[in-house]
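The lines below spell out each chain.
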Amino acid sequence: MLRVFIWKEAKELARDKKTVLASIILPFVMFPLIGLLLLSSSVSPTIVAIIVQDPSAYNYANMIAHVVNSSGGIAIIGNYSDAQITIIIPKGFSENITNLSRPVTIVVNSFLAPTPSAQDILNNVVFNLTLTISYLRIEELAKKANTTVRPELVWDPVKVVNRYLTLQHSVASSASASVAQFTRLLVFIIFPGSSPIVFYLTESIVGERDRKTLEALLSTPIRLEELIYSKLAVSFALGLLSGLGDILGVILLVFLTGITSGTSPAQMAVYMAYILATVVGILLMSAFLTLLFLYVLGGSSKVFQVVNVIVVVLSLLASFYGLFFSPNFLSFPASLALLVPYVQFAAALLVFAFGNAGLSIAIYIVSLAVLLLGIRLISRAYSSERLLLR
């Protein structure tokens with residue numbers, strides 16, 4: 001009997017092909033678009049014009065041009081109206097380089113709110129120019145003091161060896177650090193998309209009553225709990241199809257943003273498996289919250305809007321959790337965040353990305369077990385009267 005009702009629910013939802021296709025295709029298109037936007041911002045080169053007003057400073061202009069080109073930009077020595085950044089080397093620039101009582105001035109013209117790539121290029125130019133001038137001034141001081149000095153040891157006396165550590169305090173590669181950083185962004189992206197199953201599940205329950213077919217269903221031999229399970233199963237399947245669209249979009253996003261560089265295909269396959277587990281957890285959490293709030297608030301057609309807002313707000317909290325995740329997330333009071341719906345699955349994905357697969361699996365298993373138990377309890381709590389009442 002349960003199989004018959006699942007088939008019935010699937011056929012009814014399949015009639016609305018536009019909604020089903022939109023829920024599957026939209027995520028698949030949205031994530032590659034995000035990747036294309038990120039890619040276009042990184043592919044479009046930053047044009048830097050270098051205007052030399054000091055005839056004896058052309059060697060420094062050439063050095064600046066080399067830094068710009070090696071940083072991914074395009075350097076043009078001379079005036080160029082379409083340049084995002086214009087660097088002006090004023091008169092007296094060369095004279096001030098070895099003059100220890102005067103600063104060396106350059107003028108930088110840029111548009112409001114420059115892109116990150118343009119700002120990075122400008123920072124590289126200023127750093128290399130500062131480094132070169134500092135070396136020349138240190139050599140000038142050494143000459144006056146009649147001593148030998150290694151300028152690099154004066155300019156940069158501290159040697160820093162950077163190491164990335166996992167949650168288990170083992171040394172991680174730079175590729176693992178990139179994946180961990182990308183996971184913060186990924187959590188921020190995928191969690192707000194947790195509402196399709198809310199629509200499917202609410203419409204399948206409230207829609208039956210609005211179509212005057214709920215009484216007929218309740219009069220059949222099927223138990224009420226099985227009726228809810230059938231609607232949940234079909235809604236979950238459609239939500240999973242939307243989730244698969246998310247996953248395919250995420251794969252393209254990972255590819256387009258170059259996160260996979262330096263990471264083996266086997267590692268990326270495991271990573272995608274964790275993302276799939278996260279999507280399943282999101283859907284189950286959305287299903288549980290939908291059943292819970294339908295039970296508490298009633299089955300009015302307006303309840304869908306309330307439930308959808310609650311679910312989206314909670315999922316947004318989980319997405320922001322990814323930005324502020326820290327290795328001591330299990331310590332008090334940071335651990336209280338794990339009581340917020342959806343945060344458990346955000347934490348599990350982040351814990352895996354930060355190098356503790358065992359703890360991540362444990363969080364997944366416990367969270368899924370609690371969710372399945374909650375869905376079973378709330379389904380058994382429903383009664384015919386509560387479904388019929390608005």
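Residues numbered from 1 in each chain as written. Predicted model: local features only at pLDDT ≥ 70, side-chain atom pairs only at ≥ 80, totals over all residues. Heavy atoms only, no water.

**Q** Sorry, what's going on with the sheet that holds strand β1 (residues 47-52) here?
**A** One key point about sheets: their strands pair by backbone hydrogen bonds, in either a parallel or an antiparallel sense. With mixed pairing, the four strands of this open sheet are ordered in space as β2-β1-β3-β4. Each edge of the open sheet carries a strand with a single partner, namely β2 (74-77) and β4 (107-110). Within this sheet the neighbouring strands show an average axis-to-axis angle of 20°, counted without direction. Pairing analysis gives five bridges linking β1 to strand β3 (residues 85-89), with the strands arranged parallel. Opposite V52, over in β3, you have I89 as the bridge partner. Those strands touched by helix α3 (residues 58-70) are β1, β2 and β3, and its axis lies near 160° from that of β2. (Pairing = 2+ DSSP bridges. Helix = DSSP H or I, 4+ residues; strand = E, 2+ residues; numbered from the N terminus. Axes fitted to C-alpha atoms, helices over the stretch in contact; angles between N-to-C directions. Contact = heavy atoms within 4.5 Å.)

**Q** Sorry if this is basic, but what is going on with unusual backbone geometry here?
**A** One non-glycine residue, N146, lies in positive phi territory at about 55°. Topologically, N146 is positioned in the loop between α5 (116-145) and α6 (151-155). Residue Y342 is not a glycine yet carries a positive backbone phi of 80°. When its relative accessible area of 0% is taken as the criterion, Y342 is described as buried. (Buried < 20%, exposed > 50% of the residue type's maximum accessible area, 1.4 Å probe, protein only.)

**Q** Explanation requested: the environment of A65 in the structure shown.
**A** By the secondary structure assignment, A65 is in helix α3. A65 sits in the buried class, given a relative accessible area of 10%. Excluding residues within four positions of it along the chain, A65 makes contact with I50, A75 and I77.

**Q** Help me understand the side chain of S367, please; the structure alone is not making it clear to me.
**A** Positionally, S367 belongs in helix α14 (residues 357-381). Its relative accessible area of 11% is what places S367 among the buried residues. Excluding residues that lie within four positions of it along the chain, S367 makes contacts with Q344 and F345.

**Q** Got a minute to help me understand the nonpolar core in this structure?
**A** Soluble globular proteins tend to pack their nonpolar side chains together in the buried interior. Counting residues in each nonpolar core, the largest one holds 58 residues, and the members touching the most others are F191, Y271, L289, L291, Y321, Y342 and L349. Of all the secondary structure elements, the ones that give two or more residues to this core are α7 (174-190), α8 (196-210), α10 (224-256), α11 (265-297), α12 (303-324), α13 (343-353) and α14. A per-element tally of this core places α11 first, with 16 residues. Aside from chain neighbours lying at most four places away, what touches L349 is T183, L186, V187, Y271, Y274, I275, T278, S360 and Y364. With 21 residues, the next largest nonpolar core counts Y60, L122, V125 and I133 among its residues. (Core = buried A, V, L, I, M, F, W, Y, C linked by side-chain atoms within 4.5 Å.)

**Q** Would you mind showing me how to read the pairing of β3 here?
**A** The side chains of a regular strand alternate, residue by residue, between the two faces of the sheet. When you tally the buried positions in β3, you get five out of five residues, the bulk of the element. Across four bridges, β3 lies against β4 in antiparallel orientation. Considered in β4, the bridge of I85 is made with S110.

**Q** What is the right way to look at a nonpolar patch on the surface in this model?
**A** On the surface, L185, F188, L316, F320, L323 and F324 cluster together to form a nonpolar patch covering roughly 550 Å² of accessible area. Contributions of two or more residues to the nonpolar patch are made by α7 and α12. Element by element, the count of residues in the nonpolar patch is highest for α12, at four residues. Of note, L185 is situated in helix α7. (Patch = residues over 30% accessible without salt bridge, like charges linked within 9 Å, V, L, I, M, F, W, Y side chains within 5 Å. Areas by Shrake-Rupley, 256 points an atom, 1.4 Å probe, with all protein chains shown as cover. Salt bridge = Lys/Arg side-chain N within 4 Å of Asp/Glu carboxyl O.)

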